[in-house]
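So the chains spell out like this:
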Amino acid sequence: MIDGVDKTGTFYEQMPRNELESFQSKALIRTVARAAQSQYYSNKFKENGLDVNDIKSRDDIVKLPFTTKEDLRLSYPTGMLAVSPMEVVRMHTSSGTTGKPTAIFHSQEDIDNWSELMARCLAMAGATANDVFQNMTGYGLFTGGLGLHYGAERLGMWVIPAGAGNTTRQIMLIRDFGVNVIHATPSYAMHVAERMVQDGDDPRSLGIKIAVLGAEPYSEEMRLKLQDLYGFTAFNSYGLSEMNGPGVGFECPYQNGMHVWEDSYLVEVINPETLQPVAEGEVGELVLTTLRRKAMPIIRYRTRDLTRVLPDECPCSRKHIRLARMLGRSDDMLIVRGVNVFPSQIEEVIMQHSWIGGNYVIYLTRKESLDQMVVKVEIAPGAFDGSIDTLRYRRTELQHQLKDQVGFNVGVEVMEPGSLPVSEGKAKRVIDERGV
Ligand code: ADP
Ligand code: ZN
């Protein structure tokens, strides 16, 4: 409670498990009834011979059809709108990382709920109305900007809508206004830190206390490196525009996986091939159903993100389940010489070395019908001691470690700091020139 008003949905946040589940059952029934108002779901339910009255509890979720990104694209622009256009107050789209973006609509109530979730996440991380928050991600159609912005305002924070890029200005604003909470993609946060180090400055001198880092996959090693550089505590933040955007999954101060706000999302983890639920705690594709959204409810959305539900209750006493750090999207998986590799596996190895910077690219080519993988890394600013022999030794050591990780030879190219392209939003980690 803040000022006597439940701005962060504490009521939901503290629900005992049994109440949470019975709330979900009621919310699912309402969601299905609302969805049936859209052209898309009304047709889909008819095709599947589904009577909405058959949905009586959360366990009936399995009777409902899945929704895919393709379904959203096919119903573009407004086929999934479940209310009169009069009720829509905002739309967003996905970033379009994997093709044509999808459009998502929000009513005023939806924006209020989303802001409540975001405020809840920030409060859980320890942010308060006394803190100054700088939002360092893109605004506009991308959900990370306005999503965090509204949440931080709801919490009563002093908000600086810096947007992405313009690193010099970002640093100036942080200093001049005593910013102590930031939101950025991990790759951009890394870039800012390295720029400072390169300029002989220390990111710790900024005094940032809390960093909300998300919108793209990153490894635990990357988190540790960033925490070490800045001296802040970094909270993993997961979301996708189809489910509003950020505010779906967020870490508590135990930093042991992301709590999913189950008052707003029903979670399933399935085997993407059989579409059946995986065994408890196994890795699979995350499937989410909106439980509180009005303008555009989405049922059993196949996120393509791979993760698992963590066992055991969190010591923080919240009963909302926790998800492990995302392994990546199923379509991020590279098949190299028949071996399945996720960029995050490569990142895990790279980030263990303090002499390597935080930016990297995985470069794939094909030579005489054999796949070649070269990992391009940068020397960390200030880490080169002038000895080429040391550098050679380090490169060979890294090559061995990468081979141990993936099982085939991986080339390593070591570059000067600042050589690789910088991303202000989601980093592009893979360049695949193998053709089809
Ligand atoms: P697009 O799907 O076009 O990239 P979005 O901006 O909606 O557009 O991105 C959502 C996706 O970003 C998620 O499905 C997931 O793959 C990725 N993502 C977001 N947050 C995280 C995170 N904390 N860890 C890993 N991946 C994330
Ligand atoms: Zn917790």
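Residues numbered from 1 in each chain as written. Chains lettered and ligands numbered in written order. Predicted model: local features only at pLDDT ≥ 70, side-chain atom pairs only at ≥ 80, totals over all residues. Heavy atoms only, no water.

**Q** What should I look at first to understand the coordination of the zinc ion (ligand 2) in this one?
**A** Four donors placed tetrahedrally around a metal ideally meet at 109.5 degrees, and six donors placed octahedrally ideally meet at 90 or 180 degrees. Distances from the zinc ion (ligand 2) to its protein donors, Cys 252 (SG), His 259 (NE2), Cys 314 (SG) and Cys 316 (SG), fall at 2.1 to 2.3 Å. One can describe the donor arrangement at the zinc ion (ligand 2) as tetrahedral, given that its 4 donor atoms subtend angles of 102 to 117 degrees at the metal. Positions of the donor residues of the zinc ion (ligand 2), expressed as sequence spacing, correspond to C-x6-H-x54-C-x1-C. Of this pair, Cys 252 sits in the loop between β8 (245-251) and β9 (258-260) while Cys 314 sits in the loop between β12 (301-307) and β13 (322-323), placing them 62 residues apart in sequence. Exposure remark for Cys 314: the relative accessible area of 5% places this residue in the buried category. (Donors = N, O, S within 2.8 Å, 3.2 Å for Na, K, Ca; no water. Tetrahedral: all angles 85-135°; square planar, octahedral: opposite > 155°, others 65-115°. Helix = DSSP H or I, 4+ residues; strand = E, 2+ residues; numbered from the N terminus. Buried < 20%, exposed > 50% of the residue type's maximum accessible area, 1.4 Å probe, protein only.)

**Q** Looking at this structure, I do not really get the pairing of strand β5 (residues 181-184). What am I missing?
**A** In regular strands, side chains alternate between the two faces of the sheet. Burial along β5 is two-sided: the residues Val 181 and His 183 and Ile 182 and Ala 184 are all buried. In this structure, strand β3 (residues 132-135) lies alongside β5, joined through 3 bridges in parallel fashion. Bridge assignment links Gln 134 to a residue of β5, and that residue is Ile 182. You can see the chain leave β5, run along helix α8 (residues 186-198) and come back into strand β6 (residues 210-214), and the turn it takes is right-handed. (Pairing = 2+ DSSP bridges. Right-handed = clockwise from strand over helix to strand, strands pointing away.)

**Q** Looking at this structure, how should I read the packing of helix α5 (residues 108-124) against helix α6 (residues 143-154)?
**A** Two packed helices can be described by the angle between their axes and the distance between those axes. Running from amino to carboxyl end, α5 crosses α6 at an angle of 75 degrees, the nearest separation of the two axes being 7 Å. What the angle tells us is that α5 and α6 run roughly perpendicular. Contacts from Ile 111, Asp 112, Trp 114, Ser 115, Glu 116, Met 118, Ala 119 and Leu 122 of α5 reach α6 at Thr 143, Gly 147, Leu 148, Tyr 150, Gly 151, Ala 152 and Arg 154. (Axes fitted to C-alpha atoms, helices over the stretch in contact; angles between N-to-C directions. Parallel < 35°, antiparallel > 145°, perpendicular 65-115°, else oblique. Contact = heavy atoms within 4.5 Å.)

**Q** Got a minute to help me understand the sheet that holds β5 in this structure?
**A** Within a sheet, neighbouring strands are paired by backbone hydrogen bonds and run either parallel or antiparallel to one another. An order of β4-β3-β5-β6-β7-β8-β9-β13 is seen for the 8 strands of this open sheet, with the pairing classed as mixed. The open sheet has two edge strands, β4 (158-160) and β13, and neither has a second partner. Where β3 and β4 come together, 3 bridges link them in parallel fashion. Bridge assignment links Val 132 to a residue of β4, and that residue is Trp 158.

**Q** Explain the layout of surface pockets to me, please; I cannot follow it from the model alone.
**A** One way to see where empty space is left: roll a probe the size of a water molecule over the atoms. One number sums up the size of the largest pocket: a volume of about 1,100 Å³. Lining the largest pocket are 49 residues, and of these Ala 215, Pro 217, Arg 329, Asp 332 and Lys 426 sit closest to its centre. For the lining of the largest pocket, the secondary-structure elements that each account for two or more residues are α6, β7 (233-240), β12, β14 (328-329), α10 (343-350) and β20 (430-432). Looking at the lining of the largest pocket element by element, the count peaks at 5 residues for β7. Residue composition of the lining of the largest pocket, by class: 17 nonpolar, 18 polar and 14 charged. When residues of the lining of the largest pocket are assigned to domains, at least three fall in each of domain 1 (1-329) and domain 2 (334-432). Lining the second largest pocket are 31 residues, and of these Arg 58, Val 267, Glu 280, Val 309 and Ile 321 lie nearest its centre. (1 Å grid on protein atoms, 1.4 Å probe; cavity = no way out; pocket = protein on both sides within 12 Å on 5 of 7 lines; lining within 4 Å. Points joined across faces, edges and corners; volume = space filled by probe spheres on them. Nonpolar A, V, L, I, M, F, W, Y, C, P; charged D, E, K, R; others polar. Domains from an automatic or database assignment.)

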